[in-house]
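# Fold and contact review
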Amino acid sequence: MASPTPKANPLVVRSTSHGSSKAAKPPPRVGFVSLGCPKATVDAENILTRLRAEGYELSSSYDGADLVIVNTCGFIDAAVEESLEAIGEALAGNGRVIVTGCLGAKGDIVREAHPKVLAVTGPHALPEVMAAVHQHLPPLHDPFVDLVPPQGIKLTPEHYAYLKISEGCNHRCSFCIIPSLRGDLVSRPIGEIVQEAEKLVDAGVRELLIVSQDTSAYGVDVKYRTGFVGGRPVKTKLVDLARELGQLGVWVRLHYVYPYPSVDDLLPLMAEERILPYLDVPFQHASPRILKLMKRPGDIDKTLDRIAAWRGVVPRLTIRSTFITGFPGETEREFDELLQFLDAAELDRVGCFAYSPVAGASANALPGALPDEVREERRARLMAHQEDISTRRLEQRIGQTIQVLVDDVDDEGAIARSSADAPEIDGVVYVTDGHDLEIGQFATVTVTDCDVHDLFATLNAGPA
């Protein structure tokens, strides 16, 4: 499971218009809708950056665009439906639509539902998308105007950004079709990643969210070969990359970390506060038999031992994970094993999906498919069970002084996040007297209360 939460969020792109007296007519305008996970967001940012580099303007409305690109998600059925609806909406609102993203890699689904689309590509397909744009909306090049900032076009707020370190995945989990959509693991050169991170930090980014399909496997495909960062030799390996990013003076948060033994090497960097004490580890289940059917690591005792060892090195470590309920053949006893695992592991943040058969996934052929209502009932039961655990973990933070990063400020104070909170998928910290704080600012606060998901705090010593 690649995404911590299977969200499909339309992203409205706004742009300041740039004109030139050299141009004989206004530059072509492109509308953009992006759905899906952070990896899809990075793909969208790459497309937007190229569009602006070639002189295209970005439109925030369908009627103001000459053409619309829809970046789709195709991981689960609900995401497929939402993507198809978004394509239909773009066709109705504009009529000229190019489709890209994971849904585009799933055969003729898009063209069967919407035969009038101009072109369809899969994910991570910048050249193909731009070729389609050039065909249907040729650019107006103005060499006198620089349209792209050094960090590229970003869809996230200015103070945080996703940094994708690899593409594809070498695992063959039975419930997942990511390898068929995005291919096997391909790690980016370490120097290229660090250079992008430096540009983001120079542009005001205060938090880097490291994403991929399997972050722990970074460098496996190139046998951890030596790359170069600023002329220095550095191994293409996650711990080395984390060490480099940890020198930039911003928050560095790791997502999609498989529980390999090599993860232990990251703990000293967390203890030294080089990177955030936060691990997003998709455990998926706790029953050895179900994990075997999922083609996932299945030694739960070792997993619990590893969690205990991690917390021994970094007591403030936050662990988030995701799980699947109602997998084919899952018995009530095996579901209870999962609840018992949650009790033993005491994870800080948990997301859960009711199993959804994905076209092309080998798990669809497994016997013992459960009714939808059973899958959903177990999902709801797991989340209710986890609420008590999460609340106990949050209660332990009352009275503590912590650093937060401000995401928003309104009449009730500031809405911020601590090291334990990734944007959109975790909780927040409500700073009740933070009216004078600014978005993107670090502050030191004292935790005064909590609810099931969030913390409440007051300013301690002013802005950090």
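Above this text sits the structure in question.
Residues numbered from 1 in each chain as written. Predicted model: local features only at pLDDT ≥ 70, side-chain atom pairs only at ≥ 80, totals over all residues. Heavy atoms only, no water.

### Some details on the sheet that holds strand 2 (residues 57–59)
The following threshold applies: In this scheme, strands are said to pair when DSSP sees at least two bridges between them. Starting at the N terminus, helices and strands are each numbered in turn, a helix being any DSSP run of H or I of at least four residues and a strand any DSSP run of E of at least two. In this analysis, two residues are considered to be in contact whenever any of their non-hydrogen atoms come within 4.5 Å of each other. Only C-alpha atoms enter the line fits that serve as axes; for helices the fit covers just the stretch in contact. Angles between N-to-C directions range over 0 to 180 degrees.
One open sheet holds the 5 strands; their spatial order is 2-1-3-4-5, and the pairing between them is parallel. Since the sheet does not close on itself, it has two edges, and those belong to strand 2 and strand 5 (119–120), each with one partner. Where strand 4 (residues 97–101) meets strand 5, 2 bridges bridge the pair, whose relative direction is parallel. Within strand 5, the position partnered with Ile98 by the bridge is Ala119. Against the sheet, helix 1 (residues 38–53) contacts strand 1 (29–34), strand 2, strand 3 (67–72) and strand 4, and its axis sits at roughly 175° relative to strand 1. Packed onto the sheet, helix 2 (residues 77–93) meets strand 3 and strand 4 and runs at close to 175° relative to strand 3.

### Some details on the packing of helix 6 (residues 190–202) against helix 7 (residues 238–245)
Operational definition: Our angle categories are set so that under 35 degrees counts as roughly parallel, over 145 as roughly antiparallel, 65 to 115 as roughly perpendicular, and the remainder as oblique. The handedness criterion is simple: a crossing whose near helix is rotated anticlockwise from the far helix by less than a right angle is left-handed, and one whose near helix is rotated clockwise is right-handed.
Direction vectors running N to C along helix 6 and helix 7 enclose 25°, while the axes themselves pass 10 Å from each other. Between helix 6 and helix 7, the interaxial angle falls into the category roughly parallel. Every pair of crossing elements has a handedness; the one defined by helix 6 and helix 7 is right-handed. Counting all contacts with helix 6, which are made through Ile190, Ile193, Val194 and Ala197, the residues of helix 7 involved are Asp240, Leu241, Glu244 and Leu245.

### Considering a negative patch on the surface
To be explicit about the condition: To count toward a patch, a residue needs a relative accessible area above 30% and no salt bridge. Like charges then connect within 9 Å, nonpolar side chains (Val, Leu, Ile, Met, Phe, Trp, Tyr) within 5 Å. Each accessible area is a Shrake-Rupley result for a 1.4 Å probe, and residues are judged covered by the shown protein chains and nothing else. The working definition used for a salt bridge is a side-chain nitrogen of Lys or Arg within 4 Å of a carboxyl oxygen of Asp or Glu. All tallies of charge rest on Lys and Arg as positive and Asp and Glu as negative; His and the ends of each chain are not included. Lys charges are placed at NZ, Arg charges at CZ, Asp charges at CG and Glu charges at CD.
Judged by side-chain charge, Asp77, Glu81, Glu82, Glu85 and Glu89 come together as a negatively charged surface patch. Mapped onto the elements, Asp77 comes out in helix 2.

### A short note on helix 6
Definition in use: Helices are assigned an expected span. That span is 1.5 Å times one less than the residue count. Three exposure classes are used, based on accessible area relative to the maximum for each residue type with a 1.4 Å probe and protein chains only: buried under 20%, partly exposed in between, and exposed over 50%. Along the arc lie the directions from the helix axis toward the C-beta atoms.
Here helix 6 contains 13 residues, and its C-alpha end-to-end distance of 18 Å stays within 8% of the 18 Å for a straight helix at 1.5 Å per residue. Considered for burial, the residues of helix 6 that qualify are Ile190, Ile193, Val194, Glu196, Ala197, Leu200 and Val201. Along the axis of helix 6, the buried positions cluster into a sector of 160°, meaning they face one direction only. Packing partners of the buried residues in helix 6 comprise strand 6 (160–164), strand 9 (207–211), strand 10 (226–229), strand 11 (232–235) and helix 7. In the stretch just after helix 6, Gly204 is the one whose phi turns positive, near 110°.

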